[in-house]
Amino acid sequence: MLLTRLLNACHHFPGFVYEGARLCEATQSIEIDVRPRKGSKPVCSCCNQPARGYDSLTERRFEFIPVWGFAVFLLYTMRRVDCRDCGVKVEALPWANGKHTLTRAT
Ligand SMILES: [Zn+2]
């Protein structure tokens, strides 16, 4: 889909890929599947260092930049890391800011 190509061109996050996008006309929203790039290590959200994967949480929706009047959500299954320094923590996500679901991208 064109949208995933646009996203890769405009909002490429290293270590992650956009896998697909769905237009949901009933809710005027676009859902985009995001997954980790193969071989990329998750990053500890505590110290921002790459860490060993621990497990995965359930899929979450992250509100992203709306396009053409459609709300855009990134769907992503967060991983947890087993960090040498911090213990088990959720991974850091380039588009998420702490507990807020709004993204950092502008
Ligand atoms: Zn850490």
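Described in the following lines is the structure provided in the data block. (Residues numbered from 1 in each chain as written. Predicted model: local features only at pLDDT ≥ 70, side-chain atom pairs only at ≥ 80, totals over all residues. Heavy atoms only, no water.)

**Overview of the coordination of the zinc ion**
Working step 1: Within the first shell, the zinc ion binds the protein through Cys44 (SG), Cys47 (SG), Cys83 (SG) and Cys86 (SG), at distances of 2.3 Å.
Working step 2: For the zinc ion, the four donor atoms in the first shell make angles of 106 to 113 degrees at the metal, so the coordination geometry reads as tetrahedral.
Working step 3: Taken in chain order, the donor set of the zinc ion reads C-x2-C-x35-C-x2-C. Residue Cys47 is found in the loop between strand E2 (29-36) and strand E3 (52-67), and its partner Cys83 is found in strand E4 (residues 70-83); the two are separated by 36 residues along the sequence.
Working step 4: With a relative accessible area of 25%, Cys47 lands in the partly exposed category. (Donors = N, O, S within 2.8 Å, 3.2 Å for Na, K, Ca; no water. Tetrahedral: all angles 85-135°; square planar, octahedral: opposite > 155°, others 65-115°. Helix = DSSP H or I, 4+ residues; strand = E, 2+ residues; numbered from the N terminus. Buried < 20%, exposed > 50% of the residue type's maximum accessible area, 1.4 Å probe, protein only.)

**Side note on the pattern of salt bridges**
Working step 1: Under the counting rule described, the total for this entry stands at seven salt bridges.
Working step 2: Across the pair Asp33 and Arg22 runs a salt bridge, and its minimum N-O distance is 2.9 Å. With Asp33 in strand E2 and Arg22 in strand E1 (residues 16-24), this residue pair connects regions lying 11 residues apart in the sequence.
Working step 3: The exposure class assigned to Arg22 is partly exposed, which follows from its relative accessible area of 38%.
Working step 4: Salt bridges here are not isolated pairs; linked through shared partners, they connect Arg22, Glu31, Asp33 and Arg61. (Salt bridge = Lys/Arg side-chain N within 4 Å of Asp/Glu carboxyl O.)

**Brief notes about the layout of surface pockets**
The gaps left among the atoms become clear once a water-sized probe is rolled over them.
Working step 1: Approximately 160 Å³ is the volume found for the second largest pocket.
Working step 2: Lining the second largest pocket, in full, are Leu3, Leu6, Leu7, Cys10, His11, Ile32, Phe64, Ile65, Val67, Trp68 and Val72.
Working step 3: Elements represented by at least two residues in the lining of the second largest pocket include exactly helix H1 (2-10) and E3.
Working step 4: With four residues, H1 is the largest single contributor of residues to the lining of the second largest pocket. (1 Å grid on protein atoms, 1.4 Å probe; cavity = no way out; pocket = protein on both sides within 12 Å on 5 of 7 lines; lining within 4 Å. Points joined across faces, edges and corners; volume = space filled by probe spheres on them.)

**So, the packing of aromatic side chains**
Within a pair of aromatic rings, the relevant descriptors are the distance that separates the centres and the angle that separates the planes.
Working step 1: Counted under the stated rule, the structure contains six aromatic pairs.
Working step 2: Here Phe13 and Trp95 contribute two aromatic rings whose centre-to-centre distance is 5.4 Å and whose plane-to-plane angle is 50 degrees, an arrangement assigned as tilted. Of the two residues, Phe13 sits in the loop between H1 and E1 while Trp95 sits in the segment after strand E5 (87-90), which places them 82 residues apart along the sequence. Per residue, the accessibility class of Phe13 equals that of Trp95, and both read buried.
Working step 3: Arranged with centres 5.2 Å apart and planes meeting at 90 degrees, the rings of Tyr76 and Trp95 form a pair that is edge-to-face. On the criterion of sequence distance, the pair formed by Tyr76 in strand E4 and Trp95 in the segment after E5 is long-range, its members being 19 residues apart. (Phe/Tyr/Trp six-rings, centres within 6.5 Å; stacked < 30°, edge-to-face > 60°.)

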